[in-house]
Amino acid sequence: MAQVTTSHFVKFDSVFDRPLDSVYNEGCIDQYRMCEWGIMKRAVEANTQGLRGRKIVALGASMSKFAIVVARRSKYYEPEMLKNQPDRGDANNGSDFTTLENDGRLPRAGAHSRGPTQGRCSSGSRRCATARSRRQSVMEPWISVAQKWGLRILIESHSTRSEAAGDDLDGATLKKMFSAQARAVELIEKDPTPFVHYFIRETGGLLKPEEFQTWRLLHAAPQPYTHERGKYLQTGRSNGT
């Protein structure tokens, strides 16, 4: 699959082929953020893939909310019932890893021993429509859409994000960038309503501003990324991801 940006044609063929990854690998940006687990996987594997190196420089300022949703008359009533069922999320990103963590709150081995991943279904509206017949992992604003459509929400959780940067981006510049993000966080946390229209626009008219659940939004200033945290995530989520 491919995506056209303002100045780049981005092709998706591997774990690295996401828009920001591709633009970073081309040298057009020096810093970007994605889901924490996805950034870690890319940081570790970049060298073996012969791609531009990157490192995790902070926990990100914005957390994505994911939910596992099913049809109103689904046979699934609790996350634990999803063990050994095939995944319905995008591989190697926040929806995949958060679903693995959430669907049943099972022991780590059990969480990774479910069925095979069933390919990509990246469109939020398509996921919500699919959830009317089988379960899906969706994020905002599509959780609000699913709620509006009367779908059953089994569980919700935030997915942390992390900031990646190359060695050529100095610490002083990163500090300024993170300070700007911290100021933005204060503004959004104080009142997110001026920014809701971005989410509403993504739904293509399926959601009205008053139907969007702003309480699901979660932001925090960038935090130091510790060796202990990285080691824990690599150890605890290495199998099956």
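Before reading on, note that the structure itself is shown above.
Please read these numbers as outputs of a predicted model, since none were measured by experiment. (Residues numbered from 1 in each chain as written. Predicted model: local features only at pLDDT ≥ 70, side-chain atom pairs only at ≥ 80, totals over all residues. Heavy atoms only, no water.)

### Brief notes about the overall build of the protein
- Helices and strands together make up the secondary structure of the protein, namely 9 helices and 9 strands.
- Counting only residues that meet the buried cut, the protein has 45% of its 241 residues in that class.
- Nonlocal contacts in the protein, meaning residues at least 24 apart in sequence, comprise 74% of its contacts between residues at least 6 apart.
- When the accessible surface of the protein is split by element, carbon and sulfur atoms take 52% of a total near 12500 Å². (Helix = DSSP H or I, 4+ residues; strand = E, 2+ residues; numbered from the N terminus. Buried < 20%, exposed > 50% of the residue type's maximum accessible area, 1.4 Å probe, protein only. Contact = heavy atoms within 4.5 Å. Areas by Shrake-Rupley, 256 points an atom, 1.4 Å probe, with all protein chains shown as cover.)

### Thoughts on the packing of aromatic side chains
- In the structure shown here, the tally under the stated rule is 2 aromatic pairs.
- Ring geometry for Phe-199 and Phe-212: centres 4.8 Å apart, planes at 25°, overall stacked. You can see Phe-199 sitting in helix 8 (residues 196-202) and its partner Phe-212 sitting in the loop between helix 8 and strand 9 (218-219), a full 13 residues away along the chain.
- On the basis of relative accessibility, which here comes to 23%, the residue Phe-199 falls in the partly exposed class.
- Of note, Arg-52 hangs over the ring of Tyr-24, and the distance from its end group to the ring centre comes to 4.2 Å. (Phe/Tyr/Trp six-rings, centres within 6.5 Å; stacked < 30°, edge-to-face > 60°. Lys NZ or Arg CZ within 6 Å of the ring centre and 35° of its normal.)

### Observations regarding helix 2 (residues 36-45)
- Most of helix 2 sits out of view: 7 of its 10 residues are buried.
- Listing the buried residues of helix 2 in full gives Glu-36, Trp-37, Gly-38, Ile-39, Met-40, Lys-41 and Arg-42.

### Things to note about the pairing of strand 3 (residues 31-35)
- The element strand 3 is extensively covered by neighbouring structure, given that 4 of its 5 residues are classed as buried.
- Pairing geometry for strand 3 and strand 8 (residues 161-165), over 5 bridges, is antiparallel. In the strand pairing of strand 8, Cys-35 is matched with Arg-161. (Pairing = 2+ DSSP bridges.)

### Things to note about helix 7 (residues 171-190)
- For helix 7, spanning 20 residues, the distance from its first C-alpha to its last is 29 Å, which sits close to the expected 28 Å at 1.5 Å a residue.
- Along helix 7, the residues that are buried comprise Leu-174, Phe-178, Gln-181 and Val-185. Viewed end-on, helix 7 has its buried residues packed into an arc of 60°, placing them on one side of the element. What points out from helix 7, more than 90 degrees from its buried face, is the exposed set Lys-175, Lys-176, Arg-183, Glu-186, Leu-187 and Lys-190. (Expected span 1.5 Å × (residues − 1). Arc of directions from axis to C-beta.)

### Some details on the side chain of Glu-163
- Secondary-structure assignment places Glu-163 in strand 8.
- Not counting the four nearest positions on each side in its chain, Glu-163 is found in contact with Gln-31, Tyr-32, Arg-33, Lys-55, Ile-56, Val-57, Ala-58, Leu-59, Gly-60, Ala-61, Phe-178 and Gln-181.

### Re the sheet that holds strand 8
- With respect to topology, 3 strands assemble into an open sheet ordered 3-8-4, the strand pairing being antiparallel. Two strands in the sheet have a free side with no partner beyond their single neighbour: strand 3 and strand 4 (55-59). Going from strand to strand, the sheet's axes swing by 35° on average, the running direction of each strand aside.
- Both strand 4 and strand 8 contribute to a ladder of 4 bridges, which runs antiparallel. Across the sheet, the residue bridging to Lys-55 is Ala-165, located in strand 8.
- Across the sheet, helix 2 touches strand 3, strand 4 and strand 8, and the angle it forms with strand 3 is around 120°.
- Its contacts with the sheet place helix 7 against strand 3, strand 4 and strand 8, and it is angled at close to 50° to strand 3. (Axes fitted to C-alpha atoms, helices over the stretch in contact; angles between N-to-C directions.)

### Some remarks on the environment of Ile-153
- Secondary-structure assignment places Ile-153 in strand 7 (residues 152-159).
- Judged by its relative accessible area of 26%, Ile-153 falls in the partly exposed class.
- Along the backbone, Ile-153 and Ile-143 are 10 residues apart, and their C-alpha atoms lie at a distance of 8.3 Å.
- Every residue in contact with Ile-153, bar those within four places of it in the chain, is listed here: Ala-67, Ile-68, Val-69, Ile-143, Gln-147 and Arg-216.

### Description of the pattern of salt bridges
- Taken as a whole and assessed by the stated rule, the structure comprises 11 salt bridges.
- The residue Lys-65 makes a salt bridge to Glu-156 at a minimum N-O spacing of 3.1 Å. With Lys-65 in strand 5 (residues 62-70) and Glu-156 in strand 7, the pair connects residues that are 91 residues apart, well separated along the chain.
- Several salt bridges converge on common partners, so that one network encompasses Lys-65, Glu-140, Glu-156 and Arg-216. (Salt bridge = Lys/Arg side-chain N within 4 Å of Asp/Glu carboxyl O.)

### A closer look at the pairing of strand 5
- The element strand 5 is largely enclosed, with a buried count of 8 among its 9 residues.
- Taken together, the 2 bridges between strand 5 and strand 9 define a ladder with antiparallel strand orientation. Residue pairing across strands places Met-63 opposite Leu-218, the latter belonging to strand 9.
- Looking at chain direction, strand 5 and strand 7 are connected through 7 bridges and run antiparallel. Each bridged residue has a counterpart across the sheet, and for Ala-67 the counterpart in strand 7 is Glu-156.
- As judged from the 4 bridges shared by strand 5 and strand 6 (residues 136-139), these two strands associate in the antiparallel manner. The residue of strand 6 that forms the bridge with Phe-66 is Met-139.

Read these as geometric descriptors, not functional statements.
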